[in-house]
Structure formats: C-alpha cells, structure tokens
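Okay, here's what each chain looks like letter by letter:
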Amino acid sequence: MSRTALALFCVFVFGLGQCHADTADDLFRGRVRSLLAEKCFACHGPDVQEADLRLDVRDAAISKLDSGARAIVPGDVQASDLISRVASKDSDLRMPPEGDPLSAEEIEILKQWIAGSAPYAQHWAYTDLNPGQPPKVSDEDWIASPIDRYVLARLEQQGLIPSPAADRDTLIKRLYYDLIGLPPTPNAVDQFANDSRPDAYERLIDSLLESQHFGERWGRHWLDKARYADSDGYEKDRPRPNAWKYRDWVINAINDDLPVDQFTVQQLAGDLLPGATNEQRLATAFHRQTLTNTEGGVDQEEFRVEAVFDRTETTGTIWLGLTIGCARCHSHKYDAISQDEYYRLFAFFNNGDEADIKLPTSEEAMLAFQKAKQKHNEQLEQLNQQLSEAKKDWEAAFGSWQSELQEKLGKLEPIEFHDLDVTSVTSSLDGNKFERQDDGSFLVTGSNPDSPVDYVINATVKLAKPITGIRIDALQDKRLPGNGPGRVAHGNFVLSELGLLAGNKRIELTGGSASFAQGKFPADQAIDGKLDTGWAISPKMGNDQHAQFGLQQPLSLGPEDPLTIQLRQHYGQQHALGRFRVRLVTGVAKLDDLAPEPIRKIVQVNPQQRGKKQSQQIVDHFLKNEFERTKNVLASIEALKKAAPVEPLIPVRVIAQRADPRQTKVFDRGSFLSPKDAVDAGGLETLPPIAGRAEHLDRLDFAKWLVDSRNPLPPRVLANHVWSHLFGHGLVRTENDFGVRGQPPTHPRLLDWLALEYRRLGWSRKQFIKTILISSTYRQSSHHRNDLFDVDPQNLLLARQNRFRVPAEIVRDLCLSVSGLLSEKVGGPSVFPPLPADVA
C-alpha cells in the first residue's frame, strides 16, 4: 500500500484526521494502540501474558522472548515475529487465534508503524493541547472563523470544496432548533430573510442566546448527562418532588452564562467553596440524581457504595471521556487506568454524604414572604406599643387578684374521685363474665354475640360528701382485640347510654366531657336518651380513655343505700366495652377554672419567698388571662404570631462533606464486602497531578483539577460535547470514550484549537457556541452531494453540514408551538400530565 493510499485509508476508514504514513507516532496514537488493544491485549496485556509476551508496554514488546524471537524489532518489519504471526496463512500459527484475523490494511498499518521504529507514543487524548498555527488555504473568502481553516485545509488536501451556505430560511430554522429548540415564527423568518445588514446573522445568534429558552434547550443536554429524574428509580420509584430545584439551577446557570469552569466546580464541590452560598450548595444536587433504593430489606451500605460508584463513573465519563468504570473490578484492559487509580477517584466522592438543605421555592415567593414579614413586624410593633400603654398601673390590680384567688382557693372544695364498693356486675347476655382487676376495673370475657348488651353494676356507697358526678374509664388491655378497650376487632366501643339509679330513683345526669371522643360520637350523646348514638373513641383505640358526667343535683347516700349504674351498648355489632371502671365524683370546684395548677401553687407562696422565675410566671399569667387592659392585646399578639408568614422553604437533596472522613479501600472484584488495601484520593498517572489545598485532597481540589489549564483532557471532552450538539456528532464520535478503544478525532488540531479557545473565552458557553455558529463550516448547506458518496460517505471531512433528527422532546415542543398550545413558562415544579388508567 502506498503512503498516499495509507493516509487516505486512515482518514476515511479510521477517522484519524491528519494522519501521515511516515509519522509513526501518529499511526500509534491513531490506530495501532487501539488495534493492539482490540486484537492482542486480552492475551498479551497487563493481566495475561501468554508465551511471556506483553504488548501494552514497549520495553516488554521489543524484548527477546524465551523462544529467542522478538515480537517487534523496531525498524525491521521482516524480523518482527508479530507481523509473520498476524499474516500467517496457517490457522494454528495465525494471531489472534480467535475472532476475525487482521485485514490486509491493518497489517499494513502495523508494518508502517514498525518500519518507523515502533514508537509507543502517548495516547493523543493525554497529550498537551497543540493546535499549531491555523493552516493556510487557497479560498480565503470562505474563512469566517479559524475553525474554517482547519476544515478547509483538509478538504483542499483531498481535492474537495465545501458546500455553499444554506439559504436564510434554512439558517434561521437551524439556529432556532439548535439554540432554543423551538420553530421561528413566519414573521421572524421574513425579517431575517429581508435583513440586508452585514451582521444580521450574528444579531440573530445573539438574540437567541439571550432567550430564556436557550437555558432550557442546552440545559436538557446537560440534564441528560447528569441523569436527572423526578423519581427515585428501582421498584418503588418514589417521586422526588423537589428535584426541579436542581433543574432550575442548571437552566439559570446556562442562561446567565456561568463559566463552565465554575459550572463544573459548583456541581462537584460547591459545598466546599469558602462561604458557600445556598445556590452553590444546590449545585451539588448534580450527584443526588443517582438511583435511590427504598425497597424493604435493602443493605444501606451496599447502595451507598453503588451511588458512589455511579458518581465516580459519571464524573469520569462527562469530564474525562473515559470508561473508568471498567477499572472498578480490575485494572482497565485497554486504557492506562489501574484499579488503585479508580479507587483514588472513588475516594473523592466517598466522603460526600447525602444531605438536605432548605431552599426558597422561588425568588417570587421569597419576595412575597419578605414583604409579608415586613408588614407582620410592623403590626407586631404597633401591638407591642399598645401593650406598653395597657400595662400602666397593673400592680394594684395584680395585688387584688392575688388576694381574691387565695380566698377562693381556701373556700372551694376540690373535685375528688372514689372507687365503688361493687357488690355485683351482670350482663343482659348469657355467657359474659366480669373479672375484677387490681385497679378496681373489670375485664369482660366470654361470648361476644352480634346483639345489644347492657352491663349493670350494683354497689354501695360509703362517702361522707355528696356525689356530684360519675366517671367511666375505658381501659386498654392486651387480652382484648386491638388492645381494646372495646371488644370489637379494632378495639373500639360505643357507650350508647349511661344510667344512674339510687334505689329505684333515676338520677338525672348532665354535661359530658371526655379525654377523647370520635368525631360524631361525643361524650354527651351517652346521656341523650337515644340508643343509636353514644360515646366512642376511634381512631385512638389501644389507649386509656375516660368520660365524666355531672349530676343535676348533688346526691347524698347513706352507707347502706344501693346504687346502680347501667352501661347500655346498642350500637352496631360487638361494640361493647372490654375493660372498664366506674368511679364517683365529689366536690364542685374545678380548680383549673380558677387558675392552672402551677399558678395555684405559686399564689399560695409568700411573695417575698418566691423565686424570680415564679414571680415572672404569675405576672405573665395575670396580664395574659386576668387583667382586662392587657388581656385582649396579648391575645392579639399571640394570634398575630401564630399567623406569622412562613418562609417558603422546601428540602432539596444535595451533597455535604463528611466531618469524620471514611477510609477508602480497594474492593476486590468491585465487591464492597471484600475491602483490600486502603488508598488516598488522587488522579490518573497519565494526566497532570492534582494540586491540593491541604495535606489530603478533597472534591474541591479534584473539581479545580478538571478545569486546570494544565489538564488537556477535560477541555477536549467538553468542547466535543458542544460540537456534537451542533453537528449531530462530535469530532470524536465516541463522545464518552476518549480512550484507546474510542474513535480518534477526525480533526485533532481543530479539536485542540476549540479546547484552547473555550478556555480563552473564559469558559463562556455562549461565546464558544457563537464561535462555532459564525463559522462557514456550520452555515453550510446540508444537501447530499454525489461527489462525496464514495470519498467521504460519513461526512467526516465536513464538506457539508450534517442532517440529523431532533430528539423526541423537541418534536413535541415544535408541535405544541406551531399549534399555539406551548406554555412558555420556564422553571418551577415539574408537571405530571394525566395518564390513561391502563398505563403502568
């Protein structure tokens, strides 16, 4: 194969860009390394060296084998056993032993490389950025940007010419689709088509870059990389109601043209920035987009480690363009990434814990809150001024109130509870038994048929004081269904009617209060004379409850006078009490109506002997509850405080650095259950070292290293991302694999120029995109050309613009837009449209 033919072969078959047959370094970087990795490293690589041959390291590859032969003899093709073995016609000798043999063209490439001394040049992606001088071209009139020089020089080398510029109707449609994902209006098309100003095209670009929809369109590109979702994934797939806060951060950052270096640092380590703002901490939600497993029985440490694996590998893919995940279980088979290096990268994220921060729902909501808060504070200040005025001369009234309270407490008889001297307990149903408990209550056992039931308690009373009330205690018990206190399966009951008889005389009951009552079953319904109503306690079954009723007139009984209590339970089925106690009430004074117990205790202490806290407590009670001049004002103040505007904050998932660092260990075969040697955080040997701010590296050091001017790989990868969105594919078509197995750039010098230009523009995404858009390369027509079908069928040389489909989301937006149904609202909570019932 001639040198010219080989060069053309490199360009069009392997996409090597500026490959020359007499440049052995370029051959190795462009094709030989990937060829060896694909065909040879499985048996003769870092892990396995059959016949003691290792081909991934030059010194080993050119050394003499035990057989006396040499696989590679630099400069001597005939003496190199590698060539004779890959070209052998004997299937027993030919390498590789399995799979397709090398083609004639591939063998020729190996020969050319060996003839050029078989250099093992550094992989192109790790080399310093070196675009060289933009090449000279014949057609200077076509040059609108340095980009065009690199493209046109390649075309002219192949005797090709670029396509003419697309017409204005096509250009405006292309720009709208690429920049904002929406169609231009007919009026916008007409205006641009008739705009004769020399900078009309640039003006159109600028207007679209300033559109709020630019952040949506390009934010979607990023959110896809960030694996953004509004739900957790896995079997439960629970919603993430506040995930949209990160989505809005991305859209706003892109619309504000946040420099990509800051865009990088804030998402990977915003929480570690000095004086980190809420927005910078929110940016770390980039790494909270991992799947979350909330299924029962999940090993939390296993899925924490899985999340850290994901963060490590996602970062490696997006910024380094490397398949570093291959090194999780063993050293990378093809790229220079050892397993130790994988876990050094893993260590950066291993100490970033999942956390939540409270953030405003929106700027508008926060402004409204601040306005309402100011008004609230003004009203509170006015009331406080009124309170100061109302407090005048309160001391005299306070003294009088204390004296009156002390006098009342000395005269009134407090309420007391008394157990009954029960002589018998019977039921209207045969089979019920009543077991007396140590606390004086009764546990009901025996049958529980689906019919009304009455319990009758007969007792005598030995009280010197008149009876003023009766109390029914419904008590929980583990021996009852649902722990009771009722006998129905869920533990509820309904006391339909309570009756009290002294001898044969019915005693009238009044009032009715309970510790808790079911919504439509208040306590007073137990004395309303109706059997279809009553007192019940759902949903607070399984707890002790009580109800208390008063007597219309105090009742005095002698020690031998009989007393009968009837508990009638006629509601539903089996809604009977399972454990109960009946007690009598004496006394009429509800001391709590006079003052709370703590105040009653204080008022009976000599003022000279009260502590400071006690003195303040009783004064506060007096002003708040007894002194008319301050009572209403303080009530208004309390009501205003309760109605204080609530700051519109929602919890958002972010990453926060661990205070107590974890020790990172290499996992044997990637299993978190098999930790081996400990490693410190660090980078890759093939790239410049990471500069640390302290003794131990952290995520902020790592994030800054990714955008450090010494690191050549990330700018290549990031520039390639942008190019791919404007041309349908990147200059490196394997956008997520810049390694040995990935495709090399079709225009390596152009890629380096773009990477450096991205930095020179201060990492401005908008300016970098504009730089590409103003190029004649971008503006070319996308019409197919017959003269390219055989020479460049994949359009690697960019002799025309590519034709590619817009994604599904944009198809939807285009349809909604032209139909007038598209909402142009940007940001805010995600919308979940209704789905048919049969959609899972």
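Our structure's up above, just so we're on the same page.
Overview of the structure. (Residues numbered from 1 in each chain as written. Predicted model: local features only at pLDDT ≥ 70, side-chain atom pairs only at ≥ 80, totals over all residues. Heavy atoms only, no water.)

1. Looking at the packing of aromatic side chains
Part 1 of the argument: Counted according to the given criterion, the structure contains 38 aromatic pairs.
Part 2 of the argument: Taking the centre distance of 5.8 Å and the plane angle of 85° together, the rings of F349 and F702 count as edge-to-face. In this pair, F349 sits in helix α16 (residues 339-350) while F702 sits in helix α23 (residues 699-706), placing the two residues 353 residues apart along the sequence.
Part 3 of the argument: Between F622 and F627, the ring centres sit 5.5 Å apart and the planes meet at 20°, which makes this aromatic pair stacked. An identical accessibility class is assigned to F622 and F627; each is buried.
Part 4 of the argument: Geometry around F309 places R328 over its ring, the cationic atom sitting 3.9 Å from the centre.
Part 5 of the argument: Across the ring face of F417, the terminal group of R471 is positioned such that the distance to the ring centre comes to 5.0 Å. (Phe/Tyr/Trp six-rings, centres within 6.5 Å; stacked < 30°, edge-to-face > 60°. Helix = DSSP H or I, 4+ residues; strand = E, 2+ residues; numbered from the N terminus. Buried < 20%, exposed > 50% of the residue type's maximum accessible area, 1.4 Å probe, protein only. Lys NZ or Arg CZ within 6 Å of the ring centre and 35° of its normal.)

2. Thoughts on the packing of helix α11 (residues 212-225) against helix α24 (residues 713-727)
Part 1 of the argument: Put simply, α11 and α24 touch, their axes get as near as 12 Å, and they point 120° apart. Judged by the inter-axis angle, α11 sits oblique to α24. The chirality of how α11 crosses α24 is right-handed. On α24, the residues touching W218, H221 and K225 of α11 are H721, V722, H725 and L726.
Part 2 of the argument: Tallied by class, the residues present in the contact of α11 with α24 amount to three nonpolar, three polar and one charged. (Axes fitted to C-alpha atoms, helices over the stretch in contact; angles between N-to-C directions. Parallel < 35°, antiparallel > 145°, perpendicular 65-115°, else oblique. Left-handed = near helix turned anticlockwise from the far one by under 90°. Contact = heavy atoms within 4.5 Å. Nonpolar A, V, L, I, M, F, W, Y, C, P; charged D, E, K, R; others polar.)

3. Brief notes about the packing of helix α8 (residues 168-179) against helix α9 (residues 186-193)
Part 1 of the argument: Viewed as axis vectors pointing N to C, α8 and α9 meet at an angle of 125°, and their least axial separation amounts to 9 Å. Compared by their axis directions, α8 and α9 come out oblique. In this structure, the crossing between α8 and α9 has a hand that is right-handed. Where α8 approaches α9, its residues R168, D169, L171, I172 and Y176 are matched on the opposing element by A188, V189, F192 and A193.
Part 2 of the argument: Taken together, the residues of the contact of α8 with α9 sort by class into seven nonpolar, no polar and two charged.

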